[in-house]
Amino acid sequence: MQTVLEDRIAERWDRAFQRGELLYIETEVAHIKEKEIEFQIRVAPSLAKKPTGNLGVKDEEQQKSKANPFLPYSQELFVQEHGKYNVLLNKFCVVPHHLVIATKEFEKQTDPLNPEDLECIWFCIMQIKSRPVLAFFNCGELSGGSQPHKHMQIIPLPSDVRFTPPINSCIYGSQEFKKPGEIFDIPELPYVHYISLLDPQRLSLGHGRHEEVSHYLNDVFHSLLDAMIESLHKQSSLISLNSLSYNVVMTSTWLMIVPRSKEKYENMSVNSLGYAGMLLTRSKEELELVKDAGVLNILESLAFSKQNVIMDESN
Ligand code: AMP
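Residues numbered from 1 in each chain as written. Predicted model: local features only at pLDDT ≥ 70, side-chain atom pairs only at ≥ 80, totals over all residues. Heavy atoms only, no water.

Caption draft 1: Spatial organisation of the overall build of the protein. Within the protein, the secondary structure is distributed over 9 helices and 16 strands. Within the protein, contacts between residues at least 6 apart in sequence are counted, and of these 69% link residues at least 24 apart. Accessible surface, the protein as shown: approximately 14,300 Å² in total, 50% of it carbon and sulfur. (Helix = DSSP H or I, 4+ residues; strand = E, 2+ residues; numbered from the N terminus. Contact = heavy atoms within 4.5 Å. Areas by Shrake-Rupley, 256 points an atom, 1.4 Å probe, with all protein chains shown as cover.)

Caption draft 2: Focus on the UniProt feature "active site" (unreviewed entry) in the protein. As recorded in UniProt, the feature "active site" (unreviewed entry) lies at His151. Residue placement: His151 occurs in strand S9 (residues 151-156). Using a relative accessible area of 6% as the deciding quantity, one classes His151 as buried. Sequence-distant contacts of His151, that is, excluding residues within four places in its chain, are made with Phe70, Val100, Ile101, Ala102, Gln109 and Phe137. (UniProt positions renumbered as here; feature names shortened; annotations may be inferred. Buried < 20%, exposed > 50% of the residue type's maximum accessible area, 1.4 Å probe, protein only.)

Caption draft 3: A look at the side chain of Asn138. Take Asn138: it is sitting in strand S8 (residues 133-139). Side-chain polar atoms of Asn138 contact the side chain of Asn247, separated by 3.2 Å. (Polar contact = N/O pair within 3.5 Å; in protein donor to acceptor, adjacent residues only side chain to side chain.)

Caption draft 4: Local environment of the pairing of S9. Of all 6 residues in S9, 6 are buried, a share of seventy percent or more. On S9, burial covers both faces: His151, Gln153 and Ile155 on one face and Met152, Ile154 and Pro156 on the other are all buried. Pairing between strand S7 (residues 99-103) and S9: 4 bridges, direction antiparallel. When the bridges of S9 are listed, Val100 appears paired with Gln153. Here S8 pairs with S9 via 4 bridges, running antiparallel. Looking across to S9, one finds that Leu134 is bridged to Ile155. (Pairing = 2+ DSSP bridges.)

Caption draft 5: Just the nonpolar core, in detail. With 53 residues, the main nonpolar core has Ile154 and Met250 as its most contacted residues. With 11 residues, helix H6 (residues 210-235) is the largest single contributor of residues to this core. The residues touching Ile154, leaving out its near neighbours within four places in the chain, are His97, His98, Leu99, Ile101, Ile121, Cys124, Ile125, Ile128, Val133, Leu134 and Ala135. Counting 40 residues, the second-largest nonpolar core is a separate cluster that includes Leu287, Ala293, Val295 and Leu296. (Core = buried A, V, L, I, M, F, W, Y, C linked by side-chain atoms within 4.5 Å.)

Caption draft 6: Layout of the packing of aromatic side chains. If you walk through the whole model with that rule in mind, you get 5 aromatic pairs. On the basis of an interplanar angle of 15° and a centroid distance of 5.1 Å, the ring pair of Trp13 and Phe17 is categorised as stacked. Linking Trp13 with Phe17, this pair stays in helix H1 (residues 4-18), spanning 4 residues, or about one helical turn. Ring centres of Trp13 and Tyr24 lie 5.7 Å apart, and the angle between their planes is 75°; this geometry places the pair in the edge-to-face category. Of this pair, Trp13 sits in helix H1 while Tyr24 is found in strand S1 (residues 23-24), placing the two residues 11 residues apart along the sequence. (Phe/Tyr/Trp six-rings, centres within 6.5 Å; stacked < 30°, edge-to-face > 60°.)

Caption draft 7: Expanded view of H1. Its 15 residues place the ends of H1 21 Å apart at the C-alpha level, agreeing with the 21 Å of an ideal helix rising 1.5 Å per residue. For H1, every residue scored as buried is listed here: Leu5, Glu6, Ile9, Ala10, Arg12, Trp13 and Ala16. Where the residues of H1 are buried, they touch S1, strand S4 (78-82), strand S5 (85-89), strand S6 (92-93), S7 and helix H3 (115-127). Where H1 terminates, the next one or two residues include Gly20, which has phi positive at roughly 75°. (Expected span 1.5 Å × (residues − 1).)

Caption draft 8: Geometry of the sheet that holds S7. Strand order in the open sheet formed by 9 strands is S4-S5-S7-S9-S8-S12-S13-S11-S10, with antiparallel pairing between adjacent strands. Edge positions in the open sheet fall to S4 and strand S10 (183-184), since each of these has one partner strand only. Of the strand pairs in this sheet, strand S11 (residues 194-197) and strand S13 (residues 254-260) are connected by 4 bridges, and their pairing is antiparallel. From the neighbouring strand, Tyr194 faces S13, where its bridge partner is Ile257. Strands S4, S5 and S7 of the sheet are contacted by H1, whose axis makes an angle of about 145° with S4. Where H6 meets the sheet, it contacts S10, S11, strand S12 (245-250) and S13, and its direction lies at approximately 30° from that of S13. (Axes fitted to C-alpha atoms, helices over the stretch in contact; angles between N-to-C directions.)

Caption draft 9: View of the environment of Leu302. Along the chain, the position of Leu302 falls in the segment after helix H9 (295-301). A relative accessible area of 0% means that Leu302 is categorised as buried. Here the alpha-carbon distance between Leu302 and Tyr191, two residues 111 residues apart in the chain, equals 8.9 Å.

Caption draft 10: Examining the sheet that holds strand S16 (residues 278-281) more closely. Strand order in the open sheet formed by 3 strands is S2-S3-S16, with mixed pairing between adjacent strands. With one partner strand each, in any of the chains shown, strand S2 (28-34) and S16 form the two edges of the open sheet. Going from strand to strand, the sheet's axes swing by 30° on average, the running direction of each strand aside. Sheet topology places strand S3 (residues 37-43) next to S16; 4 bridges connect them, and they run parallel. From the neighbouring strand, Val43 faces S16, where its bridge partner is Thr281. Where helix H8 (residues 284-293) meets the sheet, its contacts fall on S2, S3 and S16, and the angle it forms with S16 comes to roughly 135°.

And the structure:
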């Protein structure tokens, strides 16, 4: 049975789609296997003529006028409110039911996630029960994001466990068992990243426990953020949180953070989804480019190579 939130998302999405209030961009999906990860590469030729940005799409009118799409938001895309957030449908989506969670009042996208942000993400993750979902946050100029107003995003994933999301295979793959709270990285991935498994016991949303859950998630997120800053500091003391771009990816069982050094590979903008194992290309040629260069090489070139950064030995 679907939850109230799922019913609402489905109903609003169908209506907005029929009325032409959102643009659903159909894609073909190719798979590229590297290091046991089955990367999912979407090809959307209809995006080829559009300017680049997150998901390769930007509303041209909006960009021209520099209007904030979330303040005011489009009523047609409104799903529901949750505390200080509006849950909206993504106006340009390659996956139906892609959500944008935007703060009601303006807040900066460059501010790190806080307990309330994480509680809202968790609420949506928990209320979408019929399919696995992935939450993400593109923070900073080089993160592949496009909007300066604070927003997180949620996309539904295919139900096939192999793709929920692709990076799962190495998080739960051959590694020795990791305990919740332990910060670790995946040896096969050549770029700096930090992951923590979430403790299911700390996350059961019993009555009145929302605050506890939000503080728990905030602690996990900040432990990853601190580990990231510390290791990058060892490389250059000029690196500070304010100047740093990073991607955050979260599922119901883990949280990951990846610092970024560059937004684009050639013309292809990569955001948090890339680091979850899902890339978007705008033509068959771009797909060939990805195959030739190698997905992990591309992701490494847009992040911080482990070869150049001294990782904390205890992780
Ligand atoms: P980012 O590019 O990561 O900053 O995320 C912004 C998201 O908002 C993108 O996924 C866009 O497709 C989406 N978006 C752009 N304009 C609107 C709008 N008017 N209403 C809802 N979502 C939008």
